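Reading the structure
Below, each chain spelled out in residue letters.
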Amino acid sequence: KSSKAQANPASLRSYDWADALYLGAFLGGAPTQYVQFNANGINIISPTAITLTAPQVTINASTGVAVNTPDAAFSENVSIAGDMSVEGTTAGTTATIQGDLAISGTTTGTGDGIFGGISVSTHIHPDPQGGDTGEPVS
């Protein structure tokens, strides 16, 4: 064992339980929880949950990260450097942010923005000369 090569045993011991190999993976049923190493990468399979616990977790991906789930929750601080796209798979899908949102830079969107129940594209103001202003001009 110490030379990691074929060698004679270090003692005259024979048929000792300490020398046994467990072949349960060959004799048991199909696994439901495992780590798979293949040519396409590494798959971690679990029928329940996978939890990563560490002071910090870093994902370095040169071509992208995909999160495919019907529900994702992020707590505390979330930092995204670079472009961010939130897309729904069905019409009317909404991305909800509870709490404060700070945006530094230009915000571009299609459709309307509604803040405090007031539409950005159709709101009006009282005109100091009387009446109301018209809707914003695009």
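Structure first, text after, so check above.
Residues numbered from 1 in each chain as written. Predicted model: local features only at pLDDT ≥ 70, side-chain atom pairs only at ≥ 80, totals over all residues. Heavy atoms only, no water.

**Some points on the overall build of the protein**
Each helix and strand in the protein was counted, giving 1 helix and 4 strands. When burial is assessed residue by residue, the protein has 1% of its 138 residues classed as buried. In the protein, once contacts between residues fewer than 6 apart in sequence are set aside, the share between residues at least 24 apart is 0%. Carbon and sulfur atoms provide 53% of the accessible area of the protein, an area that totals close to 14,100 Å². (Helix = DSSP H or I, 4+ residues; strand = E, 2+ residues; numbered from the N terminus. Buried < 20%, exposed > 50% of the residue type's maximum accessible area, 1.4 Å probe, protein only. Contact = heavy atoms within 4.5 Å. Areas by Shrake-Rupley, 256 points an atom, 1.4 Å probe, with all protein chains shown as cover.)

**So, the layout of surface pockets**
Reported here for the second largest pocket is a volume of approximately 520 Å³. For the second largest pocket, the full set of lining residues is Ile50, Thr51, Leu52, Ala54, Pro55, Gln56, Val57, Thr58, Ile59, Val65, Ala66 and Val67. A class-by-class count of the residues in the lining of the second largest pocket yields 9 nonpolar, 3 polar and no charged. (1 Å grid on protein atoms, 1.4 Å probe; cavity = no way out; pocket = protein on both sides within 12 Å on 5 of 7 lines; lining within 4 Å. Points joined across faces, edges and corners; volume = space filled by probe spheres on them. Nonpolar A, V, L, I, M, F, W, Y, C, P; charged D, E, K, R; others polar.)

**Brief notes about the pairing of strand 1 (residues 34–38)**
Sheet topology places strand 1 next to strand 2 (residues 41–45); 5 bridges connect them, and they run antiparallel. In the sheet register, Val35 faces strand 2, and the bridge partner there is Ile44. Turn length for the strand 1-strand 2 hairpin, with the two strands adjacent in sequence and antiparallel, is 2 residues. (Pairing = 2+ DSSP bridges.)

**Regarding the side chain of Ser119**
If you trace the backbone, Ser119 turns up in strand 4 (residues 118–119). Accessibility expressed as a relative area gives 13% for Ser119, which makes it buried. A distance of 3.3 Å separates a polar atom in the side chain of Ser119 from the backbone nitrogen of Ser121. The residues contacting Ser119, other than those within four sequence positions of it, are Asp112, Gly113 and Ile114. (Polar contact = N/O pair within 3.5 Å; in protein donor to acceptor, adjacent residues only side chain to side chain.)

**As for a nonpolar patch on the surface**
On the surface, Val35, Phe37, Ile42, Ile44, Ile50, Leu52, Val57, Ile59, Val65 and Val67 cluster together into a nonpolar patch covering about 1,100 Å² of accessible area. Residue assignment for the nonpolar patch shows that the elements contributing at least two residues are strand 1 and strand 2. Mapping Phe37 onto the fold places it in strand 1. (Patch = residues over 30% accessible without salt bridge, like charges linked within 9 Å, V, L, I, M, F, W, Y side chains within 5 Å. Salt bridge = Lys/Arg side-chain N within 4 Å of Asp/Glu carboxyl O.)

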